[in-house]
Amino acid sequence: MAPEETADAASLLWSFERRFLAARALRTFPWQSLEEKLRDSSGSELLLDILQKTVHHPLCMRHPPPVKYARSFLSELIRKHEAVHTEPLDELYEVLAKVLMAEESTHCHRSYLLPSGDAVTLAESSAIISHGTTGLVTWNAALYLAEWALEHPAAFAHRTVLELGSGAGLTGLAICKTCHPRAFVFSDCHSLVLEQLRGNVLLNGFSLEPSVSAPSEPPGHDTPQAESPRVTVARLDWDVVTVPQLAALQPDIVIAADVLYCPETLLSLVGVLQKLSACRKDQRAPDAYVAFTVRNPETCQLFITELDQAGILWEVVPGHDQKLFPYEERLEMTILKLTL
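## Concerning the overall build of the protein chain
Right, on to step 1. Within the protein chain, the secondary structure is distributed over twelve helices and nine strands.
Right, on to step 2. The buried share among the 340 residues of the protein chain stands at 51%.
Right, on to step 3. Summing over all exposed atoms, the protein chain offers an accessible surface of approximately 16,000 Å²; the carbon and sulfur share of this is 52%.

Printed below as a string of structure tokens:
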């Protein structure tokens, strides 16, 4: 195989791998490129390689995606093969038969590959909205903010990070694995989200400090292992948390992703940001980074208006270069840096 063809095949495999492990929509896969490759080749090596990078991937074997998703993926792979080759590929049908026998679950796993060669694996709900919350799945702005963080690790290195509305935990776990924070405080207010979040922290190899509303000791100081941040999962209701409780967390930097989904939540977010600006009177207030998908321009404008009225300075963070995670590129996403 010529060098250009080898590079194209590697790029195609990488695209299939990261999309499948993250259980992204099948329509986002490069099916047309695959068909073209299959037409140019009489062998089955490429399809076998795709199986190794997807359903036979070690991460997938340990933490499989939804059964329905794997079934649909394999069915589409078989259709592409049959459209080009008359001889069936036994390996495809054998894998599909195993998937058809598997039991469907209300929960599944998604894995996101990191540049270091590591990955963040998350247990998530199979439904976008489950048990009255959207916090049991990973949203696009969390991926976008994680990409920015991986490109700017110095913003988090040796600092205590507080994440508001952590959800499934993707952004925070990516930061913990690559940016060397001193401590990381995941937070949310829904009991099932917090339960899943604790499980995801443990699933990714981190130990947990006692789960309390606010640590009794400042997190991150005198950490015995410099390479492993001190990790806490905290119940934090933006409307009822107090300035002293936030001060006990001692955050140097605050992050949040995809939390601007309705005016009520937006107002609560601005309220907790105001409390954070007051919680370190003797020191510089923490910087904050809020990432969001622009779904409703009016909601985004309301957020800007409320920030201005609260006296919170903001600026748009320039777009970053690397596209590490498989989210829809047509979506408009923004990160604001706030000066509290």
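There is more to say after this.
## Section: the sheet that holds strand β7 (residues 287-293)
Sheets are built from strands that pair by backbone hydrogen bonding, the pairs being arranged parallel or antiparallel.
Right, on to step 1. The strand order β5-β4-β3-β6-β7-β9-β8 describes an open sheet built from seven strands, whose pairing is mixed. Edge positions in the sheet fall to β5 (230-235) and β8 (313-316), since each has one partner strand and no second. Sheet twist, expressed as the mean angle between neighbouring strand axes with direction ignored, is 20°.
Right, on to step 2. Bridging between strand β4 (residues 183-188) and β5 involves six bridges; their strand directions are parallel. Bridging across to β5, F184 finds its partner in V231.
Right, on to step 3. Strands in contact with helix α8 (residues 170-178) are β3 (160-164), β4, β5 and β6 (253-257); relative to β4, the strand with the most contacts, it is inclined by about 175°.
Right, on to step 4. The strands touched by helix α12 (residues 297-309) are β7, β8 and β9 (333-339); relative to β9, the strand with the most contacts, the crossing angle is about 5°.

## Some points on the packing of aromatic side chains
Right, on to step 1. Tallying each qualifying case throughout the model produces 14 aromatic pairs.
Right, on to step 2. Between F16 and F73 the ring centres are 6.3 Å apart and the planes differ by 65°, which places this aromatic pair in the edge-to-face class. Highlighted residues: F16 in helix α1 (residues 3-21) and F73 in helix α5 (residues 67-84), separated in sequence by 57 residues. By the burial criterion, F16 is buried, and F73 matches it.
Right, on to step 3. Through pairs of rings, three or more aromatic residues link up here, namely F16, F20, F29, W31, Y69 and F73.
Right, on to step 4. The lysine or arginine in question, K323, covers the ring of Y327, its NZ or CZ lying 4.1 Å from the ring centre.

Thresholds, definitions, all that
Residues numbered from 1 in each chain as written. Predicted model: local features only at pLDDT ≥ 70, side-chain atom pairs only at ≥ 80, totals over all residues. Heavy atoms only, no water. Helix = DSSP H or I, 4+ residues; strand = E, 2+ residues; numbered from the N terminus. Buried < 20%, exposed > 50% of the residue type's maximum accessible area, 1.4 Å probe, protein only. Areas by Shrake-Rupley, 256 points an atom, 1.4 Å probe, with all protein chains shown as cover. Pairing = 2+ DSSP bridges. Axes fitted to C-alpha atoms, helices over the stretch in contact; angles between N-to-C directions. Contact = heavy atoms within 4.5 Å. Phe/Tyr/Trp six-rings, centres within 6.5 Å; stacked < 30°, edge-to-face > 60°. Lys NZ or Arg CZ within 6 Å of the ring centre and 35° of its normal.

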